[in-house]
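The lines below spell out each chain.
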Amino acid sequence: MEYFFSEQQKTIKSLARRIAEEKILPVRAELDEKEEFPWGIMKDLADSDMFRVFVPEEYEGLGGGCLDLCLVVEELSRVCSGVAISYAASALGSLALLEYGTEEQKQRYLPGIASGRKLAAFALTEPTAGSDATAIRTTAERASGGYVLNGTKQFITNGGEAEIYTVIALTDKARGARGASAFLIEKGTPGFSFGKREKKMGIRASSTRELIFRNCLIPEENMIGREGMGFILTMRVLDQSRPGIGAQAVGLAQGALEAAVDYARQRVQFGHPIISLPVVQNKLADMAIQVEAARVLTYAVARTIDSGAKNFTEESAMAKVFASDVAMKVTTEAVQILGGAGYMRDYPVEKMMRDAKITQIYEGANEVLRSTIAAELRKRKARRE
Ligand SMILES: Cc1cc2nc3c(=O)[nH]c(=O)nc-3n(C[C@H](O)[C@H](O)[C@H](O)COP(=O)(O)OP(=O)(O)OC[C@H]3O[C@@H](n4cnc5c(N)ncnc54)[C@H](O)[C@@H]3O)c2cc1C
């Protein structure tokens, strides 16, 4: 398929593929097994300017958009989704700053993120607040010189490893959806510590950790946007980041498809390679169709975002839901094509299947996003009447 990438996008994509093949492939099983954060690979990505992709040029970035970021995430995820999400989470943690940050905040934080010296993270989820973000309990009370944060965030990607955190906290409990605000919080701030590091089914190279705030004083100038904008900003950030999960899912599915084709070509049963069996051919063809359809939708939504479109909630949710469901189906089929070997850790597809599951859950569970899409459809219908 011809996707009409710019020269920069072609370069970024091929560089990301090279890093994935040369640096990630040899260690992915070990990273998964040891649940080890991939600092060595983060350094390789930084040295190749991959963290500059999603940062504007005036802050030492390459000025790429959502599609550029998706291309890197897809290529990394084709080999290891745990590494890909550690990279992508830094973009997620930067999005609020990029869109709503002051000039001073951008000058202060973005060059460090662009260089890859500092990872970022985004912290919304809490034990009481998953799909229902408005149920967060972390508070940010006004104090002399700023706000004092108290509360615990849960399941935060890059938790403990990132230097810069975008944290959503309640500045006014009584104001409901208008009662939250966003803060930039640096690792090492007194009163900010890390709790449980989760042991996960998949994406095990990534860090998923609790953030704990105990009387943590944050200066006023670290608020992103205005007081009360926390949830609006969160929705906007997630709308922009969901194609990245779509790209993660596409990469995963592509990797699983390639592994299944390779295996089916060399596995001989009943005197012939199993790829000569119509049932296997049908499976592979369906997998390929689904992967390409997920890729087309993900790229199209990323391009819509890059075009400066104002509202893309529905499209962004569609890309994430569709691609993640494809990743789950395709990786499961890949395991089936490899038969018993597919179930073994000697082959990559069991890891890909474990890694795929999370794409249906985070950044909005697919059930919730289907409701979001339906709500947009309802609104559109009402506008037509
Ligand atoms: C590995 C990992 C990394 C993560 N990284 C981050 C991160 O970096 N930052 C961050 O803030 N969060 C992060 N999260 C949190 C993630 O976004 C949430 O787990 C996700 O939004 C779902 O919330 P929950 O787990 O509380 O599930 P729940 O909200 O408890 O949902 C449980 C089930 O109920 C269903 N459900 C709930 N409400 C509805 C509804 N209204 N309609 C239909 N179905 C519904 C869900 O679809 C799901 O199947 C991460 C989670 C994981 C597992």
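Chemist: Break down the overall build of the protein chain for me, citing the residues and quoting the values.
Modeler: Each helix and strand counted, the protein chain has eleven helices and ten strands in total. Against the compact-globule benchmark of 21 Å for 385 residues, the protein chain has a radius of gyration of 21 Å, which places it among compact chains. C-alpha atoms of the protein chain, sized along the principal axes, occupy 80 × 55 × 40 Å. Residues counted as buried form 56% of the 385 residues belonging to the protein chain. Across the protein chain, contacts joining residues at least 24 apart in sequence account for 75% of those joining residues at least 6 apart.

Chemist: Describe the site of the ligand, naming the residues involved and giving the relevant values.
Modeler: Taken together, 19 residues form the shell around the ligand, and within it T125, S131, F155, T157 and E367 come nearest. In this structure, a nitrogen atom belonging to the ligand sits 2.8 Å away from a main-chain N or O atom of F122. Taking L124, its main chain carries an N or O atom lying 2.9 Å from an oxygen atom of the ligand. Among the elements of the structure, β1 (120–123), β3 (146–157) and α11 (366–384) are those that each provide at least two residues to the shell around the ligand. Residue contributions to the shell around the ligand peak at three residues, all from β3. Per-class residue counts for the shell around the ligand are eleven nonpolar, five polar and three charged.

Chemist: Can you lay out the pattern of salt bridges for me, pointing to particular residues and giving the numbers?
Modeler: Inspection of the entire model under this criterion finds 28 salt bridges. Close ionic contact of E350 with R354 constitutes a salt bridge, the shortest N to O distance being 2.9 Å. Of this pair, E350 and R354 both sit in helix α10 (residues 349–359), four residues apart, which is roughly one turn of the helix. Across the pair, R354 and E350 agree in class, each one buried. It is possible to trace a salt-bridge network through shared partners that takes in D32, E35, K199, R204, E350 and R354.

Chemist: Requested: an account of the packing of helix α5 (residues 81–100) against helix α7 (residues 230–266), with residues and values cited.
Modeler: The N-to-C vectors of α5 and α7 enclose an angle of 160°; their axes lie 10 Å apart at closest approach. Classed by the angle they form, the pair α5 and α7 counts as roughly antiparallel. The element α5 and its partner α7 pack so that their crossing is right-handed. Taking contact as the criterion, the partners of S81, I85, L92, L95, A96, E99 and Y100 in α5 are, on α7, L233, R236, V237, L238, Q240, S241, I245, Q248 and L252.

Chemist: Tell me about the nonpolar core, and please be specific about residues and values.
Modeler: A general feature of soluble globular proteins is that nonpolar side chains tend to end up buried together. With 91 residues, the main nonpolar core has L45, Y87, L149, I168 and F183 as its most contacted residues. The element best represented in this core is α5, accounting for eleven residues. Setting aside residues up to four positions removed in sequence, F183 forms contacts with A140, Y147, L149, Y165, T166, V167, A169, T171, I218, N222, M223 and I224. Core analysis: the second largest hydrophobic core is formed by 29 residues, L252, A256, V326 and L338 among them.

Chemist: Describe in detail α5, supporting the description with residues and values.
Modeler: Between its terminal C-alpha atoms α5 stretches 29 Å, which fits the 28 Å expected from 20 residues at 1.5 Å a residue. Along α5, the largest kink reaches about 35° and is centred on S94. Where burial is concerned, most of α5 is hidden: 18 out of the 20 residues are buried.

Chemist: Can you break down the packing of aromatic side chains residue by residue, with the values?
Modeler: Applying the stated criterion across every chain yields a total of twelve aromatic pairs. Ring plane angle 75° and centroid distance 6.1 Å describe the contact between F54 and Y87, whose orientation is recorded as edge-to-face. With F54 in the loop between α3 (39–47) and α4 (66–79) and Y87 in helix α5, the pair connects residues that are 33 residues apart, well separated along the chain. Using a relative accessible area of 0% as the deciding quantity, one classes Y87 as buried. Through a chain of ring-to-ring contacts, the aromatic side chains of Y165, F192, F194 and F213 assemble into a single cluster.

Parameters at a glance
Residues numbered from 1 in each chain as written. Predicted model: local features only at pLDDT ≥ 70, side-chain atom pairs only at ≥ 80, totals over all residues. Heavy atoms only, no water. Helix = DSSP H or I, 4+ residues; strand = E, 2+ residues; numbered from the N terminus. Rg over C-alpha atoms; globule rule 2.2 N^0.38 Å. Buried < 20%, exposed > 50% of the residue type's maximum accessible area, 1.4 Å probe, protein only. Contact = heavy atoms within 4.5 Å. Near = heavy atom within 4 Å. Polar contact = N/O pair within 3.5 Å; in protein donor to acceptor, adjacent residues only side chain to side chain. Nonpolar A, V, L, I, M, F, W, Y, C, P; charged D, E, K, R; others polar. Salt bridge = Lys/Arg side-chain N within 4 Å of Asp/Glu carboxyl O. Axes fitted to C-alpha atoms, helices over the stretch in contact; angles between N-to-C directions. Parallel < 35°, antiparallel > 145°, perpendicular 65-115°, else oblique. Left-handed = near helix turned anticlockwise from the far one by under 90°. Core = buried A, V, L, I, M, F, W, Y, C linked by side-chain atoms within 4.5 Å. Expected span 1.5 Å × (residues − 1). Bend = angle between axes of the 7 residues up to and from the residue. Phe/Tyr/Trp six-rings, centres within 6.5 Å; stacked < 30°, edge-to-face > 60°.

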